[in-house]
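The chain contents come next:
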Amino acid sequence: MQVVLNLKSLSCCMGKYLSIIVLVASFIALVLFGCNRAEKPVIKTSEPVNTFTVKGSVREMDLNPAAAPEFPEHEGKTEFISYCAICHSLRYISTQPDFPQKTWEAEVNKMVTKYHAPIDSVIAKKIVAYLVSVKGKK
Ligand code: HEC
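Attention here is on the structure that accompanies the text. (Residues numbered from 1 in each chain as written. Predicted model: local features only at pLDDT ≥ 70, side-chain atom pairs only at ≥ 80, totals over all residues.)

1. Details of the overall build of the protein chain
Here is the rule: Helix numbers and strand numbers start at the N terminus; a helix is a DSSP run of H or I with at least 4 residues, a strand a run of E with at least 2. Residues with at least 20 other C-beta atoms within 10 Å of their own are called buried, those with 12 or fewer are called exposed, and the rest are partly exposed. The C-beta atoms themselves are positioned from the backbone. Residues are defined as contacting one another if the C-beta atoms placed from their backbone atoms lie within 7 Å.
A tally of regular secondary structure across the protein chain gives 6 helices and 2 strands. When the helices and strands of the protein chain are listed from N to C terminus, the series reads α-α-β-β-α-α-α-α. Across the 138 residues in the protein chain, those meeting the buried criterion constitute 9%. A sequence separation of at least 24 residues applies to 63% of the contacts in the protein chain between residues at least 6 apart.

Structural data, given as structure tokens:
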């Protein structure tokens, strides 16, 4: 009985209910899609964001010291630091195991031939010698 009564009362003012439903639905849509669109895209990083100082409109960064490994002083270090950090962090090298000369030669050669590292053969030899002396294996 109750249901029938309710239905009856509904049918008399369907237009009113409908406009309320449309109003609520459009409000929800506005909140869901409108606000989402206004949000700036977030770049997710697995590492903590480095701190920066704002100077005018420029943001000056401090490079994460953990990302710049220390390499021992030895003949060829300057060439190694200058050329091998052009494209990637020196961690690519510090995290490798110790290699025999043949492997370091192949690695440096790969950087030149495959990735076009601007390293001539004289400098490449110095870098290989440096790598063998600090991360070499017999
Ligand atoms: C022209 C750019 C460039 C330069 C300069 C460069 N590399 Fe690379 N290196 C790469 C790229 C690209 C990769 C592969 C990156 C990846 O797969 O994520 C790589 C990867 C490596 C790896 C990881 C192992 C591998 O073979 O993928 C090592 C070790 C490495 N480089 C050593 C060196 C050394 C030593 C030097 C200096 C002689 C050097 N790189 C200079 C571009 C370069």
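2. Things to note about the pairing of strand E2 (residues 58-61)
Heads up, the rule is: Note on pairing: two strands pair once DSSP finds at least 2 bridges between them.
Bridge count for strand E1 (residues 52-55) against E2 is 4 bridges, and the pairing is antiparallel. Across the sheet, residue Thr53 finds its bridge partner in E2, namely Glu60.

3. Brief notes about the site of the ligand
We apply this condition: Residues are counted as near a molecule or strand when the C-beta atom, derived from backbone positions, lies within 6 Å of that molecule or strand. Just so you know the grouping, Ala, Val, Leu, Ile, Met, Phe, Trp, Tyr, Cys and Pro go in nonpolar, Asp, Glu, Lys and Arg go in charged, and all remaining residues, Gly too, go in polar.
In the vicinity of the ligand lie 17 residues, with Cys84, Cys87, Met111, Tyr115 and Ala117 positioned nearest. Among the secondary structure elements, those contributing two or more residues to the shell around the ligand are helix H3 (77-84), helix H4 (91-94) and helix H5 (101-113). The element that contributes the greatest number of residues to the shell around the ligand is H5, accounting for 4 residues. When the residues that make up the shell around the ligand are grouped by side-chain class, the tally is 12 nonpolar, 3 polar and 2 charged.

4. So, the packing of H5 against helix H6 (residues 121-135)
Heads up, the condition is: Lines fitted to C-alpha atoms define the axes, with helix axes restricted to the stretch in contact, and inter-axis angles between N-to-C directions lie between 0 and 180 degrees. Reported orientations rely on four angle classes, namely roughly parallel under 35 degrees, roughly antiparallel over 145, roughly perpendicular from 65 to 115, and oblique for the rest. Left-handed is the label given to a crossing in which the near helix is rotated counterclockwise from the far helix by less than a right angle, and right-handed is the label when the rotation is clockwise.
In the contact formed by H5 and H6, the axes pass within 9 Å of each other and the chain directions differ by 140°. Our classification of the angle between H5 and H6 gives oblique. For the crossing formed where H5 meets H6, the hand is right-handed. Side by side, H5 and H6 meet where Gln101, Trp104, Glu105, Val108 and Val112 of the first sit next to Ala124, Ile127, Val128, Leu131 and Val132 of the second.

5. Focus on H5
Worth spelling out the cut-off: Here a helix's expected span is defined as the number of its residues, less one, multiplied by 1.5 Å. By construction, the arc corresponds to the directions joining the helix axis to the C-beta atoms.
Spanning 13 residues, H5 covers 18 Å between terminal C-alpha atoms, matching the ideal 18 Å at 1.5 Å per step. Of all the positions in H5, only Trp104, Val108 and Met111 are classed as buried. With its buried residues spanning 55° around the axis, H5 presents them on a single face. With respect to the buried face of H5, the exposed residues turned more than 90 degrees away are Lys102, Ala106, Lys110 and Thr113. Here the buried face of H5 lies against H6.

6. Some words on the nonpolar core
Short version of the rule: Think of a nonpolar core as buried Ala, Val, Leu, Ile, Met, Phe, Trp, Tyr and Cys residues chained together by C-beta atoms that fall within 7 Å.
The biggest cluster of nonpolar side chains holds 13 residues, and the ones touching the most others in it are Ile127, Val128 and Leu131. Those elements that place two or more of their residues in this core are H3, H5 and H6. Per-element accounting of this core gives the leading share, 5 residues, to H6.

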